[in-house]
Amino acid sequence: MNSERAKKGTALALLPFVLFIVIYLGAGIYFQMQGVKMAFYQFPSVTAMFLAVLSAFCMGRETIRKKFRIFTRGAANENVMTMLMIYIMAGAFSAVTSAMGGRDATVNLGISLISPEYLTAGIFLISAFMGTATGTSVGTVAAIVPIAAGISAKSGIPGALLVAACVSGAMFGDNLSMISDTTIAATRTQGCGLRDKFKVNFLIAIPAALLTVVIFFFLGASSVNVTAVAGEYNVIKVLPYLTVLFLALVGLNVFLVLTLGIFLSGIIGLSSGDLTVIAFAQEIWKGFNSMNEAFFLALFCGGISALISHYGGIRWLIWKLQAMISGRRSAQVSIAALVSLIDCATANNTVAIIVVGDVAHKISVQYRVDPRRTASLLDIFSCVFQGIIPYGAQLLTAAALATANGVVLNTLDIVPHMWYCFLLALFGFVSIFVPYADGLIRREPWQWEKTGRE
């Protein structure tokens, strides 16, 4: 009996995340109904996550010491530590570049070159290109959100809309890039080629992206303050942003890119007299501090995810979904639902794909779902939910950087404008029942007997 329960896991292990969502959303909704300004800032999200951490430590019968070891393994996971370092480096780059006048110069240059009604759609396209080229959605958000925040202040376009356009483009790149962690994880777990998965994925993502461009064009055009004019700018002060974008696009390590960006901004600020050595050091520290909320949320979230997995929350989700499969289409729906739920539980789309990869492959073999389609579904739906969960790295980074650059935002302010993720989910779901993206699969059927993957 106990072994069967251990195999199936338990829904009770998911309670910490449920508690966080109930407290955070519940408090925000309550204050919103009371007419309190900045309603979702009244109960700090980090405090809500801390209470969830305490509830996670109440699970199981192990000693506190053992539970803490599990928690720290999750918090010190390579993916979590990578995100934390990107957070503080991005915060420092943003603070230093803004202090020496780089943000204002870049915004004024952008507004002078691009008609205001095209700015929102343009931010989406730039982010999509950078995300696809670099394979990192968080890096794309870190580089472009400060510019988007500055454009919002100058153009009159709502900050939440412009920031959502940036994150949407970043998720497009994360989903399709050949070098993104999600693409590599999805194809490796299913045993198919990167290009084959791309061909199936592309026909689902492109319609969603095109419709997103249209939506952002009309929303941006209808909300822009057309009387806004660009101020003066010094092209030299735009150089740090251009350098960061270029180096990221050519594939340089994101830490090295941001470090070079920080010191290039510092050198320009020192040369122009906008910064002193002490002011430069203080701005770096200020940038680190500006990312505190995102830093602690990601740290706590990584630890909670490890405890949830240890106590069977992930196993329970997998067991429940497997019991609902009756045929090829329901198998695909279950794969999509499974990776979506695991992403919501772990707040990391790469980890979600790795966790469910083996189970998804077994379902794929049993119900003869082509592995190229399975890999595509894993990547698509993990990116969909990673882009809309308010405690995910992308939205946390975006909200923190926007706020640090003068546009006060909560992650929940951004979610309603994440049109690309909503449309990607729609086209991904439709493709299961109307397989319009399966041209490659029909032309080149999967050779099950030759793969050795059964």
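Residue indices follow the written sequence of each chain, beginning from 1 at its first position. With the structure being a predicted model, the display of local features is reserved for residues of pLDDT at least 70 and the display and counting of side-chain atom pairs for 80 or more, all residues being used for whole-chain, interface and lining totals. Side-chain metrics in this entry use all non-hydrogen atoms of the structure; hydrogen atoms and water are not considered.

## Examining the overall build of the chain
A count of helical and extended segments in the chain gives 24 helices and 0 strands. Compactness check: the chain gives a C-alpha radius of gyration of 22 Å against a globular reference of 22 Å for 454 residues, within 12% of the reference. Taken over the C-alpha atoms alone, the chain extends approximately 70 × 55 × 45 Å along its principal axes. Should any heavy atoms of two residues lie within 4.5 Å, those residues are considered in contact. Counting contacts in the chain only where the partners sit at least 6 residues apart, residues at least 24 apart contribute 80% of the total. Taken together, the 30 basic and 21 acidic charged side chains of the chain have centroids lying 10 Å from each other. A run of H or I in DSSP counts as a helix once it spans at least four residues, and a run of E counts as a strand once it spans at least two, with each numbered from the N terminus. Atoms counted for the radius of gyration: C-alpha only. Globule rule: 2.2 Å times the number of residues to the power 0.38. By the counting rule applied here, Lys and Arg register as positive and Asp and Glu as negative, while His and the ends of each chain are not counted. Charge coordinates come from a single atom per side chain, which is NZ of Lys, CZ of Arg, CG of Asp or CD of Glu.

## Here's the deal with the confidence of the model for the chain
Residues at a pLDDT of 70 or more form 91% of the chain, whose mean pLDDT is 83. pLDDT is defined as a per-residue confidence score from the predictor, taking values between 0 and 100. Across the chain, element-level confidence peaks in helix 22 (residues 419-433) with a mean pLDDT of 95 and bottoms out in helix 1 (residues 2-8) with 55.

## Comments concerning the nonpolar core
Counting residues in hydrophobic clusters, the biggest one holds 140 residues, and the most contacted among them are M49 and I414. What I414 contacts, discounting residues up to four positions off in sequence, is A160, V163, A164, L395, A398, A399 and L409. Residues belong to one nonpolar core when they are buried, are Ala, Val, Leu, Ile, Met, Phe, Trp, Tyr or Cys, and are joined through side-chain atoms within 4.5 Å. Think of it in three bands: residues with accessible area under 20% of the maximum for their type are buried, residues over 50% are exposed, and the middle band is partly exposed, with areas taken using a 1.4 Å probe on protein chains only.

## Some remarks on the environment of F68
Tracing the backbone shows F68 in helix 4 (residues 64-75). Considered as a pair, F68 and G101 are 33 residues apart in the sequence and their alpha carbons are 45 Å apart.

## A closer look at the packing of helix 16 (residues 313-322) against helix 17 (residues 328-346)
Describing two packed helices takes the angle between their axes plus the distance from one axis to the other. Running from N to C, helix 16 and helix 17 point in directions that differ by 165°, and their axes come no closer than 10 Å. One way to sum up the angle between helix 16 and helix 17 is to call them roughly antiparallel. For helix 16 against helix 17, the interelement crossing comes out right-handed. Here I314, L317, I318 and L321 of helix 16 lie close against helix 17, whose contacting residues are S334, A337, L338, L341, I342, A345 and T346. Throughout, the ten residues Ala, Val, Leu, Ile, Met, Phe, Trp, Tyr, Cys and Pro are labelled nonpolar, Asp, Glu, Lys and Arg are labelled charged, and all others, Gly among them, are labelled polar. In terms of residue class, the contact of helix 16 with helix 17 is made up of 9 nonpolar, 2 polar and no charged. Lines fitted to the C-alpha atoms define the axes, with helices restricted to the stretch that makes contact. Angles between their N-to-C directions range from 0 to 180 degrees. Angle categories are assigned with fixed cut-offs, so that under 35 degrees is roughly parallel, over 145 is roughly antiparallel, 65 to 115 is roughly perpendicular, and the rest are oblique. For any helix crossing, the convention is left-handed if the near helix is rotated counterclockwise from the far helix by under a right angle, and right-handed if that rotation is clockwise.

## Focus on a positive patch on the surface
For patch detection, residues must exceed 30% relative accessible area and be free of salt bridges, and they are connected within 9 Å for like charges or within 5 Å for nonpolar side chains (Val, Leu, Ile, Met, Phe, Trp, Tyr). Methods summary: accessible areas were calculated by the Shrake-Rupley approach with a probe of 1.4 Å, and residue burial reflects only the protein chains presented. Only one rule defines a salt bridge in this text: a Lys or Arg side-chain nitrogen within 4 Å of an Asp or Glu carboxyl oxygen. Taken together, the side chains of R65, K66, R69 and R73 present a region of like positive charge at the surface. Inspection of the secondary structure assignment puts R65 in helix 4.

## Some remarks on helix 16
By the burial criterion, the buried members of helix 16 are G313, I314, L317, I318 and L321. Buried residues of helix 16, seen end-on, are gathered within an arc of 140° and therefore sit on one face of the element. The secondary structure elements touched by the buried residues of helix 16 are helix 15 (292-310), helix 17 and helix 18 (349-366). Think of it as the arc spanned by the lines of direction from the helix axis to the C-beta atoms.

## Describing the packing of aromatic side chains
Pairing of aromatic side chains here covers Phe, Tyr and the six-membered ring of Trp, requires ring centres within 6.5 Å, and sorts the geometry by plane angle: under 30 degrees stacked, over 60 edge-to-face, intermediate tilted. As enumerated under the stated definition, the model contains 16 aromatic pairs in all. With a centroid separation of 5.6 Å and 45° between ring planes, the pair formed by F57 and F71 is classed as tilted. Taken as a pair, F57 in helix 3 (residues 45-57) and F71 in helix 4 lie far apart in primary sequence, 14 residues in all. Site record: aromatic cluster; members linked through ring pairs are F50, F295, F296 and F300.

## Here's the deal with the pattern of salt bridges
Inspection of the entire model under this criterion finds 5 salt bridges. A salt bridge links D379 to K197; its shortest N-O distance comes to 2.6 Å. Highlighted residues: D379 in helix 19 (residues 371-386) and K197 in helix 11 (residues 194-223), separated in sequence by 182 residues. You can call K197 buried: its relative accessible area is 1%. A salt bridge links E283 to K286, with the nearest nitrogen and oxygen atoms 3.2 Å apart. Taken together, the residues E283 and K286, both in helix 14 (residues 277-290) and 3 residues apart, mark about one turn of the helix.

## A short note on the side chain of S127
Within the element layout of this structure, S127 appears in helix 7 (residues 119-134). Residue S127 is classed as buried on the basis of its relative accessible area, which comes to 0%. Polar contacts, as used here, are pairs of N or O atoms within 3.5 Å; protein pairs need one atom able to donate a hydrogen and one able to accept it. Residues neighboring in sequence count only if both atoms are side-chain atoms. In terms of polar contacts, S127 uses its side chain to reach the backbone carbonyl oxygen of C166, at 3.4 Å. Here S127 is in contact with T140, I144, C166, G169 and A170, once residues within four sequence places are set aside.

## Some thoughts on unusual backbone geometry
A positive phi is found at R368, a non-glycine position, where the angle reads about 55°. Structurally, R368 is set in the loop between helix 18 and helix 19. Taking the relative accessible area as the measure of exposure, R368 reaches 34% and is therefore partly exposed.

## Here we look at helix 9 (residues 159-176)
Between its first and last C-alpha atoms helix 9 spans 26 Å; for 18 residues at 1.5 Å apiece the expected length is 26 Å, and the two agree. The buried fraction of helix 9 amounts to 18 of the 18 residues, a majority that puts the element mostly inside the structure. The span one expects for a helix is its residue count, reduced by one, times 1.5 Å.

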